[in-house]
Amino acid sequence: MPDKKVIAVLGATGAQGGGLVRAILNDPNGGYAARVLTRDVNGAKAKEFARLGAEVVAVDIDNTESLKKAFSGAYGAFCVTFFWAHFSVEKEMAEVKAMAEAAKAAGLRHAIWSTLEDTRKWVPLSDNRMPTLHGKYKVPHFDGKGESNQYFTDAGVPTTFLLTSFYWDNFISFGMGPKKGPDGKLGFDVAIFTPTKGGPFPTIINPSFFMTPGVNFTNSSVVAANEIAATTTNSSARPRFNSTAPVDPESAAHSFTNLLARGYAIVTYRYTQCGEDNAGFRTNSFYPAYPGYDWGVLYGWAWGLSRVVDYLETQPFADTNQLIALGHSRLGKLVMVATAFDERISLGAPAGSSGAGTGAYRFCGPGRGGKEGIEDMTRKFPYYFVPRLAEFTGQMEKLPFDAHWFVALTAPRPWISIEGTDDQNCVPNAVKQTVLAARPVYEFLGVNTDRVGVNYEPHRHALTAEDWNAALDFADKNLRGMKVERSFDQFPPELAPTNPSAPK
């Protein structure tokens, strides 16, 4: 590929580097070729990349001369280190220095250095609010990377400093993925909370961004109760994510006191146990058992929720005629799909499900109402969906289905969309069009169309205590036959829709 610019990728068998290599290989017309740099050219991932068309080169990142040879002839390089291999800031900084020197010697036109903030710029060593570790650092694996930025600057190499956020497949690395039980079968952890008396109880299945309560928990490692509550039932705060910390079951139970007091049980679990939230999901969790499937990870997550239903059918505490699925944001999409395809779920409550969620696709996205549309979602998260969905970019009117199909598949079971009036991702008119288009199916099946509901609360992209109360009120009315003095058909005022054609 002499006409293509070669990008040398360190850490190519890891999450960041591997994602870059896959992106290059998946874009044959992009003008770039991937050179995979790895210690073990005979490893499974290296061999797979070679099979897909990447150049695979052996490298020793502790040896500057090895790095110079690996970078030779490349246009650019992606540089990343792995602190957790040795837990040494000094060793990591030496690795970065070698990378910068090799990039300079090889004449690279551009380097990308995956770094992190030097926290000492904001919390100096003299500040005792955070402990000082090893006499030099506040957060060692951040501070060393941040201090190492100078090596690329001093070498004069044109460099992009990439400050990454926590990425989802780390959940698997921290022991939150599926595990084999004593029988050798794969499974995943759920946490169960029930009222103290009575039963069987209407039961909420709540896939969560947080770690499953009790998993890897010790008294010295815990998410604060107010952080858990930020996305559960007793708080109206905007969520604060400390997603990697083990969760104290007692703190979690405290955050669920409202729904427990109302007679509901809740089953919650970390959603990434059912598939990494990245393009490499097919290589882990349950997916290798289904090699011929073209499903995106979104449907796999929904499949995982149905496995929770399997379990609940064996448990006396759960009223299997009153199973409720509730999740927020991408987990709202999960709930929407799971409810449509699993008739054992009695009520679906997707919340703030955003683009490719409950809002009709023809009424959101570029030129059709704004905010998140199919184009945005298939660009940012293509692995959520089957590949062909992206083909309808710019011609959404040709898509042979729309979001209301998921609600129609749920009928005649009750369904409610939980939304925020100021959600930056969701278009109220798009949600409205989905609800209006689905109601005739309920009418056709001989049930009241108010079994399709919507509720708006004044907030941005969040799941608040008021949202939970609305979902419970809707369930009280539609599953438990209780009298509820509120309606579930009110939409916020909005401009007229920009697309005159309703979904059909």
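For the structure itself, consult the block above.
Bear in mind the structure is a predicted one, so any value in this text is a computation, not a measurement.

Participant: Can you explain unusual backbone geometry? Please cite residues and give values.
Facilitator: That bond from Gly199 to Pro200 is cis: its omega, -5°, falls within 30 degrees of zero. Within the secondary structure layout, Pro200 lies in the loop between strand 9 (191-193) and strand 10 (201-208). Cis peptide bonds are those with omega within 30 degrees of zero, and the linkage from Ala411 to Pro412 qualifies with 5°. As for its position among the elements, Pro412 is in the loop between helix 13 (404-410) and strand 14 (415-420).

Participant: Please give an account of empty space enclosed by the protein that cites residues and values.
Facilitator: Applying the stated criterion to the full structure yields one cavity of 30 Å³ or more. Taken as a whole, the largest cavity spans an internal volume of roughly 50 Å³. If you go around the largest cavity, you meet 13 residues; those closest to its centre are Ser354, Gly359, Cys426, Val427 and Val431. In terms of residue class, the lining of the largest cavity is built from five nonpolar, six polar and two charged.

Participant: Residues and numbers for helix 5 (residues 140-155), please.
Facilitator: In this model helix 5 runs 24 Å from its N-terminal to its C-terminal C-alpha over 16 residues, within 8% of the 22 Å that 1.5 Å per residue would give. For helix 5, the set of buried residues is Pro140, Asp143, Gly144, Lys145, Gly146, Ser148, Asn149, Tyr151, Phe152 and Ala155. In this fold, the buried residues of helix 5 make contact with strand 4 (76-79), helix 4 (89-106), strand 5 (110-115) and strand 6 (159-163). Following helix 5 by one or two positions, Gly156 adopts a phi angle in the positive range, close to 75°.

Participant: Please provide a residue-by-residue account of the packing of aromatic side chains, values included.
Facilitator: Two aromatic rings are characterised by how far apart their centres lie and by the angle between their planes. Tallied over the full model, the rule gives 28 aromatic pairs. With centroids separated by 5.5 Å and ring planes inclined at 80°, the aromatic side chains of Tyr299 and Phe341 adopt a geometry described as edge-to-face. On the criterion of sequence distance, the pair formed by Tyr299 in helix 10 (residues 297-312) and Phe341 in helix 11 (residues 330-341) is long-range, its members being 42 residues apart. On the basis of relative accessibility, which here comes to 35%, the residue Tyr299 falls in the partly exposed class. Here the aromatic rings of Tyr456 and Phe491 are separated by 6.0 Å at their centres, their planes lie at 55°, and the arrangement is tilted. Placement of the pair is Tyr456 in strand 15 (residues 452-457) and Phe491 in the segment after helix 15 (465-478), with a sequence separation of 35 residues.

Participant: Break down the side chain of Asp248 for me, citing the residues and quoting the values.
Facilitator: Among the structural elements, Asp248 can be located in the loop between helix 7 (225-229) and helix 8 (249-255). Among the polar contacts listed, one links the side chain of Asp248 to the backbone nitrogen of Glu250, at a separation of 3.0 Å.

Participant: Give me the sheet that holds strand 14: which residues, what numbers.
Facilitator: Taken together, the seven strands give an open sheet; going across it, the order is 9-11-10-12-13-14-15, and neighbouring strands pair in mixed fashion. In the strand order of this sheet, the two ends are held by strand 9 and strand 15, each with one partner. With strand direction ignored, the average angle separating the axes of adjacent strands in the sheet is 20°. Both strand 10 and strand 11 (residues 265-270) contribute to a ladder of six bridges, which runs parallel. The residue of strand 11 that forms the bridge with Asn206 is Thr268. Sitting on the sheet, helix 11 touches strand 10, strand 12 (318-328) and strand 13 (347-351), and the angle it makes with strand 12 is about 145°.

Quick notes on the rules
Residues numbered from 1 in each chain as written. Predicted model: local features only at pLDDT ≥ 70, side-chain atom pairs only at ≥ 80, totals over all residues. Heavy atoms only, no water. Helix = DSSP H or I, 4+ residues; strand = E, 2+ residues; numbered from the N terminus. 1 Å grid on protein atoms, 1.4 Å probe; cavity = no way out; pocket = protein on both sides within 12 Å on 5 of 7 lines; lining within 4 Å. Points joined across faces, edges and corners; volume = space filled by probe spheres on them. Nonpolar A, V, L, I, M, F, W, Y, C, P; charged D, E, K, R; others polar. Expected span 1.5 Å × (residues − 1). Buried < 20%, exposed > 50% of the residue type's maximum accessible area, 1.4 Å probe, protein only. Contact = heavy atoms within 4.5 Å. Phe/Tyr/Trp six-rings, centres within 6.5 Å; stacked < 30°, edge-to-face > 60°. Polar contact = N/O pair within 3.5 Å; in protein donor to acceptor, adjacent residues only side chain to side chain. Pairing = 2+ DSSP bridges. Axes fitted to C-alpha atoms, helices over the stretch in contact; angles between N-to-C directions.

By themselves these figures say nothing about function.
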